[in-house]
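# Notes for the structure review
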Amino acid sequence: MAGDNPSLDVHAEKKNLIVRNLQEVLGEDKLTEILKERDLKVYWGTATTGKPHIAYFVPMSKIGDFLKAGCEVTILFADLHAYLDNMKAPWELLALRTEYYEHCIKAMLRSIGVPLEKLKFVRGTEYELSREYTLDIYKLSSIITEHDAKKAGAEVVKQVDHPLLSGLLYPALQALDEEYLHVDAQFGGVDQRKIFTFAEKYLPQLGYQKRIHLMNPMVPGLTGGKMSSSEEDSKIDLLDSPAAVKKKLKKAFCEPGNVADNGVLAFVKHVLFSLFKPGEGFEVVRSEENGGNATYMTYDSLEEAFAKEQLHPADLKASVEIQLNKLLDPIRKTFETPELKKLVSSAYPPPSKQKAAVDEISPHRLDIRVGKIVEVNRHPDADALYVEKIDVGESEPRTIVSGLVNYVPIEEMKDRFVVVLCNLKPAKMRGVESNGMVLCASVDEPRAVEPLIPPAGSKPGEKVIVEGYESGCPDEVLNPKKKVWEKLQVDLKTNSDLEAQWQGNPLFTISGKVSCKSLKNAPIR
């Protein structure tokens, strides 16, 4: 019996700490065997691109569990991975952001009472540029298929029709990290599962051991869905003021009785309850007419009360606000020094101060706007062309020529709202100068063309932007010799939900997403 063997009880306790609140464990038998012999060695990595936000407390609290279980923990700042992920940031910014991440994560761990001396921090470029690592990348590239590389990165690297080689390398680097960091296990979100199974398949082919993989569930964001660095209202930044925390929590999706898609409850479960000491619980402070104060000693009891609507969303949010500010206060204080304030402003400069490379091909260079056709006529010298006057929010409507005669009746063109590319170089079309292009989804077999549809409520002149590429100013005029439009256009298409996208990122205005009527997975041109 386990009670007769204290060491078995210790092993079981350590394992329970390691696996609690995880969604999935690959290699659990191996985990059990290692714990009988020694403590586990585990690593967690993060690509240093967007700003860390409160969702980072989820892996941090699990790292706290690992340390309580005696694990040796390595935190990898994956700067090289960040560069390879579609080059979201240049090297100069990545160096600053890696420094920012280190300060943030150390401050978070101190905030939740994790002693830093038990941790090791490593930058990917410290070993990933070595001769041995590089040779292993070449070895992997000789046995990995393009299909497997794309499949492995499907949940992590943006999937596009014309992927960069860097994105295909990303999963191989992450797999090799397990060997070069000398760990038994890798920890990450369940969105990493395909990379984990990729590593299990390919590392043994280089003669390296298959590792254990520990996966956290994906925590819903405050607005519902995954918490995202690029969606401002879905996350609370680590340096947000108490007033900003209050504002964002008030807007957070927290439907009465809904426990399935509730980012506020998820944060309580995966962060706060994992940090409470024995005898502590989640305290709800509320007026007597609303039931008075209550303390929930387990998450299950809290969830049950919320499901039965015995706990109101406003009272839950107010109590989470108190707990969250307790966690954020020491982090905010850390970043009050002039040196760290300068680091933050340098690592994440305002859009107006970001200097994009002259030849960077990014969708922020396109001036796309909502337009309203106020006048339309047949071209006097071309049967297939319309000459339109389109209001794009300027003092006078623009003259634009479009080859839509065979696809859209003239009576459906007048007063129609369309999506217009406004910074093409003016071009004469059969003697009429065209000052822009009406963007359309089109397919060749059978031939069909449909103008894109702005979201309901749009107004002429509203900017159309690509999600994730909001920063930066459009070119005044796209240089035809640089072929900026042609290079960007190949990744513009509709998806199976009829939404317009560039490399899988939606096109949207302040009113919503851009779409088309019926053409799925169709090029946009």
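Calculation notes
Residues numbered from 1 in each chain as written. Predicted model: local features only at pLDDT ≥ 70, side-chain atom pairs only at ≥ 80, totals over all residues. Heavy atoms only, no water. Helix = DSSP H or I, 4+ residues; strand = E, 2+ residues; numbered from the N terminus. Areas by Shrake-Rupley, 256 points an atom, 1.4 Å probe, with all protein chains shown as cover. Lys, Arg positive; Asp, Glu negative; His and termini not counted. Charge placed at Lys NZ, Arg CZ, Asp CG, Glu CD. Axes fitted to C-alpha atoms, helices over the stretch in contact; angles between N-to-C directions. Parallel < 35°, antiparallel > 145°, perpendicular 65-115°, else oblique. Left-handed = near helix turned anticlockwise from the far one by under 90°. Contact = heavy atoms within 4.5 Å. Nonpolar A, V, L, I, M, F, W, Y, C, P; charged D, E, K, R; others polar. Pairing = 2+ DSSP bridges. Right-handed = clockwise from strand over helix to strand, strands pointing away. Phe/Tyr/Trp six-rings, centres within 6.5 Å; stacked < 30°, edge-to-face > 60°. Buried < 20%, exposed > 50% of the residue type's maximum accessible area, 1.4 Å probe, protein only. Lys NZ or Arg CZ within 6 Å of the ring centre and 35° of its normal. Arc of directions from axis to C-beta.

## Some remarks on the overall build of the protein
Across its full length, the protein carries 16 helices and 22 strands. Expressed along its principal axes, the backbone C-alpha trace of the protein runs to roughly 95 × 70 × 50 Å. Within the structure as shown, the protein displays about 25300 Å² of accessible surface, and the carbon and sulfur contribution to it stands at 51%. Taking the average location of the 69 positive side-chain charges in the protein and that of its 77 negative ones, the two points are 3 Å from each other.

## Digging into the packing of helix α5 (residues 91-111) against helix α14 (residues 338-347)
As a packed pair, α5 and α14 sit with axes 9 Å apart at the nearest point and diverge in direction by 135°. Comparing their axes, α14 and α5 come out oblique. Crossing of α5 over α14 shows left-handed handedness. Residues L93, L96, R97, E99, Y100 and H103 of α5 touch α14, and the partners they reach there are L340, L343, V344, S346 and A347. Class assignment of the residues belonging to the contact of α5 with α14 gives a composition of seven nonpolar, two polar and two charged.

## A look at the pairing of strand β2 (residues 41-46)
Judged from the six bridges that link them, β2 and strand β3 (residues 72-77) form a sheet pairing that is parallel. Note that in β3 the partner of V42 across the bridge is V73. For the crossover from β2 across helix α3 (residues 57-68) to β3, the handedness is right-handed. Where β2 and strand β5 (residues 185-189) come together, three bridges link them in parallel fashion. Bridge assignment links V42 to a residue of β5, and that residue is A185.

## Here we look at the packing of aromatic side chains
Tallying each qualifying case throughout the model produces 13 aromatic pairs. Between Y127 and Y180, the ring centres sit 6.5 Å apart and the planes meet at 10°, which makes this aromatic pair stacked. Remark: Y180 occurs in helix α8 (residues 165-180) and Y127 occurs in the loop between β4 (119-123) and α6 (131-141); sequence separation between them is 53 residues. Judged by relative accessible area, which is 11%, Y127 ranks as buried. Three or more aromatic residues joined by ring pairs form one cluster here, namely W44, Y56 and Y101. The side chain of K106 reaches across the aromatic face of F121, ending 5.4 Å from its centre.

## Thoughts on α6
Among the residues making up α6, those that are buried are Y133, D136, I137 and L140. Across the axial projection of α6, the buried residues extend over an arc of 105°, all falling on one side. Opposite its buried face, α6 presents the exposed residues R131 and Y138, each directed more than 90 degrees away. On its buried face, α6 is in contact with α8 and α9 (193-202).

## Quick look at the sheet that holds strand β1 (residues 24-26)
Strand order in the open sheet made by the six strands is β1-β6-β5-β2-β3-β4, with mixed pairing throughout. The strands lining the two open edges of the sheet, one partner per strand, are β1 and β4. Adjacent strand axes in the sheet meet at a mean angle of 25°, parallel and antiparallel pairs treated alike. Bridge count between β1 and strand β6 (residues 212-216): three bridges; the pairing is antiparallel.

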